[in-house]
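# Inside the fold
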Amino acid sequence: MSQDDLKRLAAKAALEYVEEGSIIGVGTGSTVNHFIDQLAEMKQLIDGAVSSSEVSTERMKMHGIQVYDLNASGPLDLYVDGTDEATRFLHLIKGGGGALTREKIIAAASKKFVCIADDSKLVDRLGTFPLPVEVIPMARSYVARELVKLGGTPMWREGFTTDNGNLILDIHNLDIMNPVETERELNNIAGVVTVGLFAIRPADLLILGTPEGIKTIQ
Ligand code: 5RP
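Criteria and thresholds
Residues numbered from 1 in each chain as written. Predicted model: local features only at pLDDT ≥ 70, side-chain atom pairs only at ≥ 80, totals over all residues. Heavy atoms only, no water. Patch = residues over 30% accessible without salt bridge, like charges linked within 9 Å, V, L, I, M, F, W, Y side chains within 5 Å. Areas by Shrake-Rupley, 256 points an atom, 1.4 Å probe, with all protein chains shown as cover. Salt bridge = Lys/Arg side-chain N within 4 Å of Asp/Glu carboxyl O. Helix = DSSP H or I, 4+ residues; strand = E, 2+ residues; numbered from the N terminus. Domains from an automatic or database assignment. Contact = heavy atoms within 4.5 Å. Buried area = accessible area lost by both parts, 1.4 Å probe. Polar contact = N/O pair within 3.5 Å; in protein donor to acceptor, adjacent residues only side chain to side chain. Buried < 20%, exposed > 50% of the residue type's maximum accessible area, 1.4 Å probe, protein only. Near = heavy atom within 4 Å. Nonpolar A, V, L, I, M, F, W, Y, C, P; charged D, E, K, R; others polar.

Bringing a nonpolar patch on the surface into the picture now. Taken together, the side chains of I136, M138 and V193 make up a nonpolar region of the molecular surface, amounting to roughly 310 Å² of accessible area. In this fold, V193 is placed in strand β11 (residues 192-195).

Spelled out as structure tokens, the structure:
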């Protein structure tokens, strides 16, 4: 089975959590693309979705899924999204696709966050994947200097602008011993919009596609 097959498998398993008549929070990435494609097959059963990125919005609209603004939908029962790394404590690193800010907002506004991934994303400790941080453009160099003081090696994702008009710094070599503490610390740097650590509000359920089938951690 390819990694893509495992992503599709995890995405399919998440359909079980979709309730009839509901509005679903939908994330971003290749795993979520599988979820969107499969959700489209039951689109008449749902009211619609709230999207975490322009890319996911476009894909859902292409399938004829109604996309709502979060301000119009109100609180959501379910959010389905992928991840770049996950631990068994359901702490995540997200933002490889640069959609971390809207993803964090939807996760916060949702009762249940179901994270879907292939089993290569499960790690003992977060931080091998460079941690994305969205920053206000004028604060880029200042934030980078602060990140160096904390022991990280920030790299500017040059040529990339987020859906919110901001920039991304990917932090390499950061020691993430305590994800909740690190998330708080980075959140406090002036000019940081969002940190791609999802530990203060972790996932509620992790669905992993493995060669042996689905594995869930909650
Ligand atoms: C986008 C994300 C994605 O969920 C993450 O990058 C995983 O992507 P993929 O499903 O393509 O492996 O956080 O900002």
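Let us look at the domain arrangement of the chain. Many structure descriptions define interface size as the accessible area lost when the parts assemble. Partitioning the chain into domains gives domain 1 (3-122 + 200-217) and domain 2 (131-195). One C-alpha centre belongs to domain 1, the other to domain 2, and the line joining them spans 24 Å. On the side of domain 2, 19 residues touch domain 1, which itself brings 14 residues to the contact. Regarding the contact of domain 1 and domain 2, the summed buried area is about 1300 Å², with carbon and sulfur atoms giving 55% of it. Per-residue buried area on domain 1 facing domain 2 is highest for L100, K104 and I200; these three make up 41% of the total on that side. One salt bridge in this structure joins K104 and E183, with 2.7 Å as the shortest N-O distance. At the boundary of domain 1 with domain 2, the tally comes to 10 residue pairs in polar contact (both at pLDDT 80 or more). At four residues, helix α5 (residues 100-108) tops the list of elements feeding residues into the side of domain 1 that touches domain 2.

On to the pattern of salt bridges, then. One pass over the full model with this rule turns up 13 salt bridges. Here D37 makes a salt bridge to R59, at a shortest N to O gap of 2.9 Å. Within this pair, whereas D37 is found in helix α2 (residues 30-39), its partner R59 is found in helix α3 (residues 54-62), the two being separated by 22 residues in sequence. Exposure remark for R59: the relative accessible area of 26% places this residue in the partly exposed category. Close ionic contact of D204 with R201 constitutes a salt bridge, the shortest N to O distance being 3.1 Å. Linked through salt bridges whose partners overlap, the residues forming this network are D4, D5 and R8.

So, on to the environment of L76. As for its placement among the helices and strands, L76 is situated in strand β4 (residues 76-81). With relative accessibility at 3%, the residue L76 sits in the buried group. Considered as a pair, L76 and V50 are 26 residues apart in the sequence and their alpha carbons are 8.7 Å apart. Other than its neighbours up to four places away in sequence, L76 contacts I23, G25, V50, L70, I106, A109, S110 and K111.

Around the ligand sit 17 residues, and of these S30, T31, D84, G95 and K121 come closest. Separating an oxygen atom of the ligand from a side-chain N or O atom of D81 is a distance of 3.5 Å. For the ligand, whose free accessible area comes to 380 Å², the fraction covered by protein is 91%. Residue classes in the shell around the ligand are distributed as one nonpolar, 10 polar and six charged.

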